Protein chains: 2
Amino acid sequence: MAEDGPPRAVKRAVTVKDVAAAAQVSRATAARALNGYGYVGDEAARRGQEAAERLGYRGNRIAQALRQGQMPIVGFVPGDIQNPFFARVAHDIDAALRRSRHSLLIASSDESLVQEQGLLDNLRALNVRGMIVAPASEGDNRHLARLVREGVPLVLIDRELPGMECDSVTVDNEGGAHEAIGLLIANGHRRIALIHDASRIATARQRREGYLRALAEAGLPAEDRLIAVSQSTVEHAIDATIRLFSRPERPTALFTVDSLMTTGALLALRSMGLAVPRDVSLIGFDDFDLATFTDPQITVVAQPVGQIGPLATKMLLERIQGSDEPARHVRFPTRLIARGSVARVDFGRA
Amino acid sequence: MAEDGPPRAVKRAVTVKDVAAAAQVSRATAARALNGYGYVGDEAARRGQEAAERLGYRGNRIAQALRQGQMPIVGFVPGDIQNPFFARVAHDIDAALRRSRHSLLIASSDESLVQEQGLLDNLRALNVRGMIVAPASEGDNRHLARLVREGVPLVLIDRELPGMECDSVTVDNEGGAHEAIGLLIANGHRRIALIHDASRIATARQRREGYLRALAEAGLPAEDRLIAVSQSTVEHAIDATIRLFSRPERPTALFTVDSLMTTGALLALRSMGLAVPRDVSLIGFDDFDLATFTDPQITVVAQPVGQIGPLATKMLLERIQGSDEPARHVRFPTRLIARGSVARVDFGRA
DNA sequence: AGCGGCTGAGAGACCGATCTCACACTTCAT
DNA sequence: ATGAAGTGTGAGATCGGTCTCTCAGCCGCT
């Protein structure tokens, strides 16, 4: 494919050697003058600085990295950079890293385990200082375990991996879902549908578990025909919603496990002529722009998105600096934001 | 701040030297066996491969990069990774790059020229193979000119820079805006408001120019009180909209230059009790999820978002492979998607 | 037999920055 | 005066992989 062709002629960059020659000192002295370590005479230092300035010396990060065994780069592997949640987190990580003079390399796994493995191999080969990963699967995690074993600083976000000995920053998915379903039950709903992602993503599973626990506690059965499986895209969610609501005895409420699915559900309900909340009460996991845009606005389980990136970065930088306290697992609470998409249902009808 | 602490102990990686020793061949032969170049005997090749496999040899990209003078990395500097437009482009670039075994380093300029300069310096020091940049300013572009001069492959997206000798991929901002305003004028509108970004971003300027040209062609004056300046955020756009529409003789139509501003305008109009399109006709630049979500849906000037990333990547890879044809400037046409947010206004009223 | 051409493989240079080490020179205390 | 401690500098090793150069066999051809 687009493989290496003849190397493009890039003007050769200025090296310490050039600086040293211009300043008429040795490479070692020039390096000392530029990095301010060891003993350097005033005169030599001045000449070195001046020559570097004049020639436009910038240093070669690659050579430095080779010498030091590490690149000033942190890798971030989100499930999907187009998901606003990850875009926000990426932005926050980037901003937090900038202060410590690291660059951020973002490589989306597209929720594919295989792709994730390849990307991590890549990042490992680049000798990045550390990685922040949203693991695509709860299944095979030997590639992550290996990183931990080899001492590569690693922080998991959004999705935790039971038994993985590394820091993680997540939210209380189970509790958030439980609270949402609780609200629906308290409003008299008995036939509460769920659209979730069958993939092995931990968050989806936990949100489903919260749903199931809430039902169980209310003595309600978990019925297969109330649960639809969908990929996390608007289109698939539309199909899933239509499947759920075109049966007789249709659900009176719907819980969706992420914002793309909530969007799909809204579109599908509208196309079926079902009004929220008159015909269907709706709660979505994850707050998003659209939620305040509909009429009425959508009740959601909100995550503290703005805290995840900064905290994960802070933890990672501590690890990079050599901290070896035991793995920390931070789990943020979620917040149920009641807007207008949940209506009381009278018991006779339910 | 979080500066280098004691280097964390990372298990030393396997090197060619280790492989060579294990396979009982020289480093050079081992390297040949692993990379399949030059003359290698079958036996030596087999032993090399086997030893590499057994030891888990992965190669050191940094050392390779140092030798070859280039990192297999492409830099991407969007104005803001949280903007869905750039998130989409980033995703597409990433996907396109993966096929040519490059990684993507994303560093958002946050629309700050100073930050952009710093980031480019950084990327340059990392010896990335090339860069894709959405320049934050039309003003001082010496840092970009220098890259071009030094032969670093560079592709500009979204915003072009007149006189810059490098490839660019943009859309017809002026034409798109002109067409939109034309539609409003054809529907009888005479007081057409504009909310735009005063920054030195080229796109914003061009969209404003399209607006002005359309007015001029219809013999309508460009009135200051019809033009509001706002930063590109939902909050600022809300303020700007309220300013525009709380005057007597309020505008009958509004044109917003990006999707965040369109969102803000919608929110503001709703809060002021003005219905779209009954009281105000609205057209936004850049299509977005919300636009099909409102009732009625919003008419927009759509850009071919999905084509920008792949094309920019293709151009960049060609440059990386040494193409030195003259700079190519691709400008995609925009497409006016008529939905329901433009109403006819009767001439007596306008 | 002798020579050119090919295959196979090792030694060592090299990329650029950093760091250790050795050496020279100064200053100060004994 | 002499050694010790402190200061300034350069030579060279090092990081890991790649690549050139050299050399040794081996083939076939004249």
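Residues numbered from 1 in each chain as written. Chains lettered and ligands numbered in written order. Predicted model: local features only at pLDDT ≥ 70, side-chain atom pairs only at ≥ 80, totals over all residues. Heavy atoms only, no water.

Asks: Sorry if this is basic, but what is going on with the overall build of chain A here?
Replies: Of regular secondary structure, chain A possesses 12 helices and 12 strands. Here the C-alpha atoms of chain A give a radius of gyration of 26 Å, more than 25% beyond the 20 Å that 2.2 N^0.38 yields for 350 residues. With respect to the principal axes defined by its C-alpha atoms, chain A has extents near 95 × 40 × 35 Å. By residue count, 54% of the 350 residues in chain A fall in the buried class. Expressed as a percentage of contacts within chain A between residues at least 6 apart in sequence, the contacts between residues at least 24 apart total 68%. Accessible area of chain A: about 15000 Å², with a carbon and sulfur share of 51%. The centroid of the 43 positive side-chain charges in chain A is displaced by 5 Å from the centroid of its 42 negative side-chain charges. (Helix = DSSP H or I, 4+ residues; strand = E, 2+ residues; numbered from the N terminus. Rg over C-alpha atoms; globule rule 2.2 N^0.38 Å. Buried < 20%, exposed > 50% of the residue type's maximum accessible area, 1.4 Å probe, protein only. Contact = heavy atoms within 4.5 Å. Areas by Shrake-Rupley, 256 points an atom, 1.4 Å probe, with all protein chains shown as cover. Lys, Arg positive; Asp, Glu negative; His and termini not counted. Charge placed at Lys NZ, Arg CZ, Asp CG, Glu CD.)

Asks: Hey, could you run me through the relation of the copies chain B and chain A in this one?
Replies: Between the two copies of the chain lies a relationship made up of a rotation around an axis and a movement along it. Rotating chain B by 180 degrees about the axis while translating it 0.1 Å along that axis superimposes it on chain A, leaving an RMSD of 0.2 Å. Taken together, the rotation and translation describe the operation of a two-fold axis. Considering only C-alpha atoms, the part of chain B nearest the rotation axis is B:Leu105, at 2.2 Å. (Least-squares fit on C-alpha atoms with pLDDT ≥ 70 in both.)

Asks: When you look at unusual backbone geometry in this model, what are you seeing that I'm missing?
Replies: Glycine aside, negative phi is the norm for most residues, and most peptide bonds take the trans geometry. Residue and element names in this part refer to chain A. The linkage connecting Val276 with the following residue, Pro277, adopts the cis geometry, with an omega of 0 degrees. One non-glycine residue, Gln24, adopts positive backbone phi at about 55 degrees. Take Gln24: it is sitting in the loop between helix 1 (16–23) and helix 2 (27–35). Its identity as a non-glycine residue notwithstanding, Asn127 has a phi of 55 degrees, on the positive side. Locating Asn127 in the fold gives a position in the loop between helix 6 (113–125) and strand 3 (128–133).

Asks: Can you help me understand the protein's contact with DNA strand D in this one?
Replies: Inspection of the region around DNA strand D gives 28 residues, with A:Ser26, A:Thr29, A:Gly41, B:Val16 and B:Arg67 positioned closest. Within the backbone of B:Asn60, an N or O atom sits 3.4 Å from a phosphate oxygen of DNA strand D. Here B:Ala63 contributes a backbone N or O atom positioned 3.5 Å from a base nitrogen of DNA strand D. Mapped by element, the contributors of at least two residues to the surface near DNA strand D are helix 2 and helix 4 (61–68) of chain A together with helix 2 (27–35) and helix 4 (61–68) of chain B. Residue contributions to the surface near DNA strand D peak at five residues, all from helix 4 of chain B. Looking at side-chain class alone, the surface near DNA strand D contains 12 nonpolar, nine polar and seven charged residues. (Near = heavy atom within 4 Å. Polar contact = N/O pair within 3.5 Å; in protein donor to acceptor, adjacent residues only side chain to side chain. Nonpolar A, V, L, I, M, F, W, Y, C, P; charged D, E, K, R; others polar.)

Asks: Which parts of the structure should I look at to understand the domain arrangement of chain A?
Replies: Accessible area lost upon the coming together of the parts is a frequently used measure of interface size. Domain annotation for chain A reports domain 1 (16–59), domain 2 (68–171 + 305–332) and domain 3 (173–303). Distance from the C-alpha centre of domain 1 of chain A to the C-alpha centre of domain 3 of chain A: 64 Å. (Domains from an automatic or database assignment.)

Asks: What is the right way to read the environment of B:Asn35 from this model?
Replies: Residues and elements named next belong to chain B. Within the secondary structure, Asn35 is located in helix 2. Using a relative accessible area of 52% as the deciding quantity, one classes Asn35 as exposed. With 19 residues separating them in the primary sequence, Asn35 and Arg54 have C-alpha atoms 17 Å apart.

Asks: How should I be thinking about the protein's contact with DNA strand C in this particular structure?
Replies: A:Val16, A:Arg67, B:Thr29, B:Tyr39 and B:Gly41 are the nearest of the 26 residues found near DNA strand C. Interatomic distance of 3.3 Å between a backbone N/O atom of A:Asn60 and a phosphate oxygen of DNA strand C. B:Gly41 has a polar backbone atom sitting 2.4 Å from a phosphate oxygen of DNA strand C. Secondary structure elements with two or more residues in the surface near DNA strand C: helix 2 and helix 4 of chain A together with helix 2 and helix 4 of chain B. For the surface near DNA strand C, the per-class residue count stands at 12 nonpolar, eight polar and six charged.

Asks: I'm lost on the interface of chain B and chain A in this one. Help?
Replies: Counting from both sides, the interface comprises 68 residues of chain B and, opposite them, 67 residues of chain A. At the boundary of chain B with chain A, total buried surface from both sides reaches about 6000 Å², with 56% on carbon and sulfur atoms. We note a salt bridge from B:Arg58 to A:Asp121, for which the minimum N-O separation is 3.0 Å. Linking chain B to chain A there are 17 residue pairs in polar contact (both at pLDDT 80 or more). It is helix 6 (residues 113–125) of chain B that provides the largest number of residues to the side of chain B that touches chain A, a total of six residues. (Buried area = accessible area lost by both parts, 1.4 Å probe. Salt bridge = Lys/Arg side-chain N within 4 Å of Asp/Glu carboxyl O.)

Asks: Even after reading the chapter, I still don't get the pairing of strand 4 (residues 154–157) of chain B, so can you show me in this structure?
Replies: It is a general feature of regular strands that their side chains alternate between the two faces of the sheet. All names here are of chain B. Burial along strand 4 is two-sided: the face carrying Leu154 and Leu156 and the face carrying Val155 and Ile157 are both buried. Strand direction decides the pairing type here: strand 3 (residues 128–133) and strand 4, joined by three bridges, are parallel. Counted as the bridge partner of Ile132 is Val155 from strand 4. For the crossover that starts at strand 3, traverses helix 7 (residues 142–149) and ends in the parallel strand 4, the hand is right-handed. Direction of pairing for strand 4 relative to strand 5 (residues 167–171): parallel, over a ladder of three bridges. Looking across to strand 5, one finds that Val155 is bridged to Asp167. (Pairing = 2+ DSSP bridges. Right-handed = clockwise from strand over helix to strand, strands pointing away.)

Asks: What is the right way to read the sheet that holds strand 10 (residues 299–302) of chain A from this model?
Replies: Pairing between the strands of a sheet comes from backbone hydrogen bonds, and it takes one of two forms, parallel or antiparallel. All names here are of chain A. Strand order in the open sheet made by the six strands is 7-6-8-9-10-12, with mixed pairing throughout. Two strands in the sheet have a free side with no partner beyond their single neighbour: strand 7 (227–229) and strand 12 (335–337). Mean inter-strand twist for the sheet, computed between neighbouring axes without regard to direction, equals 15 degrees. Along the sheet, helix 11 (residues 259–271) contacts strand 6 (192–196), strand 8 (253–256) and strand 9 (281–285); its crossing angle with strand 9, the most-contacted strand, is approximately 155 degrees. (Axes fitted to C-alpha atoms, helices over the stretch in contact; angles between N-to-C directions.)

Asks: Explain the side chain of A:Arg328 to me, please; I cannot follow it from the model alone.
Replies: Residue and element names in this part refer to chain A. With respect to the helices, strands and loops of the structure, Arg328 is situated in the loop between helix 12 (305–320) and strand 11 (329–332). Using a relative accessible area of 19% as the deciding quantity, one classes Arg328 as buried. In contact with Arg328, not counting residues within four places along its chain, are Cys166, Asp167, Ser168, Met315, Glu318 and Arg319.

Asks: How should I be thinking about the sheet that holds strand 10 (residues 299–302) of chain B in this particular structure?
Replies: All names here are of chain B. On the basis of which strands lie adjacent, the open sheet formed by six strands has the order 7-6-8-9-10-12 and mixed pairing. On the outer flanks of this sheet lie strand 7 (227–229) and strand 12 (335–337), each paired with one strand and no other. Pairs of neighbouring strands in the sheet enclose a mean axial angle of 15 degrees, with direction left out of account. Here four bridges tie strand 8 (residues 253–256) to strand 9 (residues 281–285), and the two strands are oriented parallel to one another. Bridge pairing in strand 9 places Thr256 opposite Gly284. Strand contacts of helix 11 (residues 259–271): strand 6 (192–196), strand 8 and strand 9, with the helix running at about 155 degrees to strand 9, the strand carrying the most contacts.

Asks: Looking at this structure, I do not really get helix 3 (residues 42–55) of chain B. What am I missing?
Replies: Along an α-helix, a turn takes 3.6 residues, which lines up residues three or four apart on a common side. All names here are of chain B. Taking 1.5 Å of rise per residue, the 14 residues of helix 3 would be expected to cover 20 Å, and the 20 Å separating its terminal C-alpha atoms lies within 8% of that figure. In this fold, the buried residues of helix 3 make contact with helix 1 (16–23) and helix 2. Taken from the residues just after helix 3, Gly56 is the one with a positive phi, measuring 75 degrees. (Expected span 1.5 Å × (residues − 1).)

Asks: Honestly, the nonpolar core in this entry has me stumped. Any pointers?
Replies: As a rule of thumb, soluble globular proteins bury nonpolar side chains together. Counting residues in each nonpolar core, the largest one holds 86 residues, and the members touching the most others are A:Ile181, A:Leu254, A:Phe255, B:Ile181, B:Leu254 and B:Phe255. Look past the residues within four positions of B:Phe255 in its chain and what remains in contact with it is B:Ala177, B:Ala180, B:Ile181, B:Ala193, B:Leu194, B:Ile195, B:Arg207, B:Ile283, B:Gly284, B:Phe285 and B:Val301. Core analysis: the second largest hydrophobic core is formed by 51 residues, A:Leu104, B:Ile81, B:Ile93 and B:Leu104 among them. (Core = buried A, V, L, I, M, F, W, Y, C linked by side-chain atoms within 4.5 Å.)

Asks: How should I be thinking about the pattern of salt bridges in this particular structure?
Replies: Side-chain pairing between opposite charges can occur once the charged atoms of the two side chains come close. Residue and element names in this part refer to chain A. Enumeration over the complete set of coordinates arrives at 51 salt bridges over all chains. Of the charged contacts, one joins Arg54 and Glu50 as a salt bridge, the two residues approaching to 3.1 Å between their closest N and O atoms. Here the residue Arg54 and the residue Glu50 both occupy positions in helix 3 (residues 42–55), the gap between them amounting to four residues, near one helical turn. For Glu50, a relative accessible area of 37% gives the class partly exposed. Its salt-bridge partner being Glu160, residue Arg331 comes within 2.5 Å of it at the nearest N-O pair. Of this pair, Arg331 sits in strand 11 while Glu160 sits in the loop between strand 4 (154–157) and strand 5 (167–171), and the two are 171 residues apart along the sequence. When its relative accessible area of 15% is taken as the criterion, Glu160 is described as buried. Each of the salt bridges in this network shares a partner with another, and the network as a whole consists of Asp167, Lys314, Glu318, Arg319, Glu325 and Arg328.

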